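If you want the building blocks of each chain, they are given just below.
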Amino acid sequence: QTGGLGVAGSNPVAPTTRNSIGRGAPSSAAFFYSMVRVGALRAVALPSAPMPRPLILMSNDDGVAAHGLRALREALLPLADLVVVAPDREQSANSHSLTLHRPLRHRTLEEHVHSVDGTPADCIYVALYREHFLPRWPDLVVSGINHGYNLGTDIFYSGTVAAAREAALRGIPSMAFSLGAKGSFERAAEAVALLVAKMLAAPGTEEGERGALLNVN
């Protein structure tokens, strides 16, 4: 699927039914009262609705087909529902730039995996504020795994960190992950999954607060 995106700065009461026990059967109110009198009424635990799995929004700056993103997605699938919105090509060193003077193009590559022909920050902004990307507000944003470290002043240039920062500015806890050039993405993804599980278990941010942002190498 393709599309153009512009980025700018008395529920009814259930009817009662006739008593079908038979002629002479007590009314429901009388039956309830008699059960209480004889102590025969027992508390019954009603089934509760299952808690939804956490939702993680994923992105990066190496592009939607990058090895690091694919390895991380596989590692996080047991932990949460995942939606990937990532650049359609490499966007390294684009920092926190947003596209303002042309339409952005979106493609759905597979279920819950999308590409946008923009920057990493564009991807997060579009995912959060355009319909049809997310089923609900995400519990966490994860960016990476980047090919190459993001240390020191690198974080000012990094699109990987910018994707996480854009979400943090919107009040969503966020994590950016980067790996040295000779590292194994699969082994790194296993370690990342442990950190993400701890982050999901941590208390969430209150409304109006900035989200926590962690840059992990």
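You'll find the structure just up there.
Given the structure is predicted, the values throughout are model-derived calculations rather than measurements. (Residues numbered from 1 in each chain as written. Predicted model: local features only at pLDDT ≥ 70, side-chain atom pairs only at ≥ 80, totals over all residues. Heavy atoms only, no water.)

A short note on the pairing of strand β5 (residues 113–116)
Of the two faces of β5, the one carrying Val113 and Ser115 and the one carrying His114 and Val116 are both buried. Two strands pair when backbone bridges link them, and strand β3 (residues 81–87) and β5 are joined in this way by four bridges, in the parallel orientation. Across the sheet, residue valine 84 finds its bridge partner in β5, namely valine 113. Direction of pairing for strand β4 (residues 104–110) relative to β5: antiparallel, over a ladder of four bridges. Bridging from a neighbouring strand, threonine 108 pairs with histidine 114 of β5. Once β4 ends, the chain turns through two residues before running back antiparallel as β5, passing histidine 112 with a positive phi of about 70°. (Buried < 20%, exposed > 50% of the residue type's maximum accessible area, 1.4 Å probe, protein only. Helix = DSSP H or I, 4+ residues; strand = E, 2+ residues; numbered from the N terminus. Pairing = 2+ DSSP bridges.)

Thoughts on the pattern of salt bridges
Under the definition given, this model contains six salt bridges. Across the pair arginine 53 and aspartate 81 runs a salt bridge whose closest N-O atoms are separated by 3.0 Å. With arginine 53 in the loop between α1 (28–37) and β2 (55–59) and aspartate 81 in strand β3, this residue pair connects regions lying 28 residues apart in the sequence. Overall, the relative accessible area of 32% leaves aspartate 81 in the partly exposed class. Where arginine 73 meets glutamate 110, a salt bridge forms, and the shortest distance between an N and an O atom there is 3.8 Å. Remark: glutamate 110 occurs in strand β4 and arginine 73 occurs in helix α2 (residues 67–76); sequence separation between them is 37 residues. (Salt bridge = Lys/Arg side-chain N within 4 Å of Asp/Glu carboxyl O.)

Focus: the nonpolar core
A general tendency of soluble globular proteins is for nonpolar side chains to be buried together. The biggest cluster of nonpolar side chains holds 25 residues, and the ones touching the most others in it are Ile56, Met58, Leu72, Leu76, Val142, Ile145 and Val196. Elements that contribute at least two residues to this core include exactly β2, α2, β3, β6 (140–147), β7 (174–179) and α6 (185–201). Among the elements that line this core, the one with the most residues is α6, at seven residues. Counting 17 residues, the second-largest nonpolar core is a separate cluster that includes Leu55, Leu104, Val116 and Val126. (Core = buried A, V, L, I, M, F, W, Y, C linked by side-chain atoms within 4.5 Å.)

What to know about the side chain of glutamine 91
Mapped onto the fold, glutamine 91 is located in the loop between β3 and β4. The exposure class of glutamine 91 is buried, given its relative accessible area of 13%. Looking at glutamine 91, its side chain comes within polar contact range of the main-chain oxygen of glycine 118, at 3.5 Å. Those residues in contact with glutamine 91 that sit more than four places away from it in its chain are Asp61, Gly118, Thr119 and Pro120. (Polar contact = N/O pair within 3.5 Å; in protein donor to acceptor, adjacent residues only side chain to side chain. Contact = heavy atoms within 4.5 Å.)

Thoughts on unusual backbone geometry
For residues besides glycine, phi is generally negative; the peptide bonds are generally trans as well. The residue after glycine 144, namely isoleucine 145, is reached through a cis peptide bond having omega 0°. Within the chain, alanine 93 stands out as a residue other than glycine whose phi angle is a positive 65°. Among the structural elements, alanine 93 can be located in the loop between β3 and β4. Positive phi, close to 50°, is recorded for serine 95, a residue that is not glycine.

Considering the packing of α2 against α6
Two packed helices can be described by the angle between their axes and the distance between those axes. Running from N to C, α2 and α6 cross one another at 45°; their axes reach a closest spacing of 8 Å. Classed by the angle they form, the pair α2 and α6 counts as oblique. Considering only the axes of α2 and α6, their crossing is right-handed. Contacts between α2 and α6 involve His67, Gly68, Ala71, Leu72, Ala75 and Leu76 on the former and, on the latter, Phe185, Glu186, Ala189, Val192, Ala193 and Val196. When its residues are assigned to classes, the contact of α2 with α6 shows nine nonpolar, two polar and one charged. (Axes fitted to C-alpha atoms, helices over the stretch in contact; angles between N-to-C directions. Parallel < 35°, antiparallel > 145°, perpendicular 65-115°, else oblique. Left-handed = near helix turned anticlockwise from the far one by under 90°. Nonpolar A, V, L, I, M, F, W, Y, C, P; charged D, E, K, R; others polar.)

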